[in-house]
Amino acid sequence: MAGVQPPPLRSLDDFLLTSARFAVPDVRDLDRWNHRIINNLLYYQSNYFLSALILLLTVGYMRPFQLLVGGVVVTVLFLGFVWAAENQAPIRRFRRNHPSISVFAILLISYLFISVLGGVAVFLFGIAFPILTVLVHASVRLRSLKNKLENKLESIGLKRTPMGILLEALGQEQEAGS
């Protein structure tokens, strides 16, 4: 993790308010939509981490044990998936060719494990809701010139960020900065 730089927190005005531009993505052009999501994940990652943390803390305040169990299950499954994808060629190809299905599979398996443990509502609101919120914002937020420049620096390796590492683990490193 040497050389990882957390990006700055973007202003609320840039993230949500007056200077933010939003548009429904063109669902017929999946490559363009995927690029928009990845580039917004990289550019607004500090804002997304902070938003998810606030939602997690809110749920954790109401149901701390169930949130802890849900977090452990999702973390173990995610790390197991990353390990399997790095050590098994068919899984690695599947992860690279179908990243959305891979994330959905991790969430679905997590849901099944947690439902057995009784924390379904905590999982849905504490873990899946922040992820859904981030993905919806990343899908509809249009990119600015500053956003494109920052993403180019990340893609050519001049900057390494936590979201860049996460996207790389999900097999999306070749998409960043496009």
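The structure displayed is predicted, hence computed values, not measured ones.

**Remarks on the pattern of salt bridges**
Move 1: If you walk through the whole model with that rule in mind, you get two salt bridges.
Move 2: Note that Asp 14 and Arg 141 form a salt bridge whose closest N and O atoms lie 2.9 Å from each other. Taken as a pair, Asp 14 in helix H1 (residues 12-15) and Arg 141 in the loop between helix H7 (120-140) and helix H8 (145-155) lie far apart in primary sequence, 127 residues in all. Per residue, the accessibility class of Asp 14 equals that of Arg 141, and both read buried.
Move 3: Salt-bridge contacts for Asp 26 lead to Arg 28; the nearest nitrogen and oxygen are separated by 3.1 Å.
Move 4: On the accessibility criterion, Asp 26 (37% relative accessible area) is partly exposed.
Move 5: Arg 28 sits in the exposed class, given a relative accessible area of 74%.

**Observations concerning the UniProt feature "transmembrane region" (unreviewed entry) in the chain**
Move 1: Using the residue numbers shown here, the UniProt feature "transmembrane region" (unreviewed entry) corresponds to residues 41-61, 67-85 and 97-114.
Move 2: Across residues 41-61, the secondary structure splits into 95% helix and 0% strand, with the terminal C-alpha atoms separated by 27 Å.
Move 3: With 100% helix and 0% strand, residues 67-85 has its two end C-alpha atoms placed 27 Å apart.

Procedures and definitions
Residues numbered from 1 in each chain as written. Predicted model: local features only at pLDDT ≥ 70, side-chain atom pairs only at ≥ 80, totals over all residues. Heavy atoms only, no water. Salt bridge = Lys/Arg side-chain N within 4 Å of Asp/Glu carboxyl O. Helix = DSSP H or I, 4+ residues; strand = E, 2+ residues; numbered from the N terminus. Buried < 20%, exposed > 50% of the residue type's maximum accessible area, 1.4 Å probe, protein only. UniProt positions renumbered as here; feature names shortened; annotations may be inferred.

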